[in-house]
Amino acid sequence: MKEYGYEIEEFNIGLLTPLRFAQWCHPYEKRKIFSCVDVEKMKLWVHEGFTCLDIGAYTGDTTVIIAAAAGKTGHVIAFEPNPCAYKILTINSQLNPEIACIQIENVAIMETPGEFLFSYIDEDFCNGGYYKTVAPDHTHRLIVQGLELKQYIKNIKIDFLKIDAEGYDQAIIESNLWLLERDKPTLVFEVYPYLTLKEKKILCDTITKANYCMKDVFSGADLLSDDVLSITSCYNIVAIPQ
């Protein structure tokens, strides 16, 4: 396994000082770009002082925007099992002291604690996830540590929950319905492009049965189950408690 370094860039996102971000130099990684618009959109769902979870944080590109929206009085806990991406996430969690405190954990959120097999698209572990849900071309295997969320945050009230788990989102939501019922956080999750129609329907049904309504993450427009079933690309959806 080859390790890749990083390059720090600065972006104007409307803070008193530019946002600093460590770009991972892995050849499969796309450069991340940030603007004021990203923060303003996130502020639709994340408010000053929020406590937020980022499950599947990767190198922290969404984590830092959540933290910017939550502000100095906010708190973000970011989970990333990939040890290579986690090294870059570690850097990004420390570069911007003027945004919310970012706490990081090198684990996957799973239905039960233990060791789990993850599959990645390349031998240097750029992009991947739980081997049962990722695309079939993800053939490079890695053992990661898994954690049950309830044991970690049982005494912490959560205001915002983002999940990007490469097809494992449904299992995470299903095993943490207690959190949706207890704290009623705003939820952002990914519709993975390799989900079958049946899997998408189960995902939608789980959200609606939890008494949440689905909306477009960018415009805030309402989404029905049929809208989600027609999605064929990777797409993020926000779910609001009713």
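Our subject is the structure listed above.
Cut-offs and rules
- Residues numbered from 1 in each chain as written.
- Predicted model: local features only at pLDDT ≥ 70, side-chain atom pairs only at ≥ 80, totals over all residues.
- Heavy atoms only, no water.
- Pairing = 2+ DSSP bridges.
- Helix = DSSP H or I, 4+ residues; strand = E, 2+ residues; numbered from the N terminus.
- Axes fitted to C-alpha atoms, helices over the stretch in contact; angles between N-to-C directions.
- Disulfide = S-S within 2.5 Å.
- Buried < 20%, exposed > 50% of the residue type's maximum accessible area, 1.4 Å probe, protein only.

Q: Can you help me understand the sheet that holds strand S7 (residues 114–120) in this one?
A: Each strand in a sheet pairs with its neighbour through backbone hydrogen bonds, running either in the same direction (parallel) or in the opposite one (antiparallel). What the 4 strands build is an open sheet, ordered S6-S9-S7-S8; its pairing is mixed. The sheet is open, and its two borders are formed by strand S6 (108–110) and strand S8 (128–130), each paired with just one other strand. Strand after strand, the sheet turns through a mean of 50° between neighbouring axes, direction not considered. In terms of strand pairing, S6 meets strand S9 (residues 140–148) through 3 bridges, oriented parallel. If you follow Ala108 over to S9, its bridge partner there is Gly146.

Q: Could you clarify how one ought to interpret the state of the cysteines in this entry?
A: Here is the idea: a disulfide is a covalent bond, and it sits between the sulfur atoms of two cysteines. The final tally for this structure, using the stated rule, is 0 disulfides. Free cysteine Cys25: the closest other cysteine sulfur is in Cys126, separated by 12 Å. Classification of Cys25 by relative accessible area gives partly exposed; the value is 34%. As a non-bridged cysteine, Cys126 has Cys84 as the owner of its nearest cysteine sulfur, 9.4 Å distant. The class of Cys126 is buried, set by a relative accessible area of 3%.

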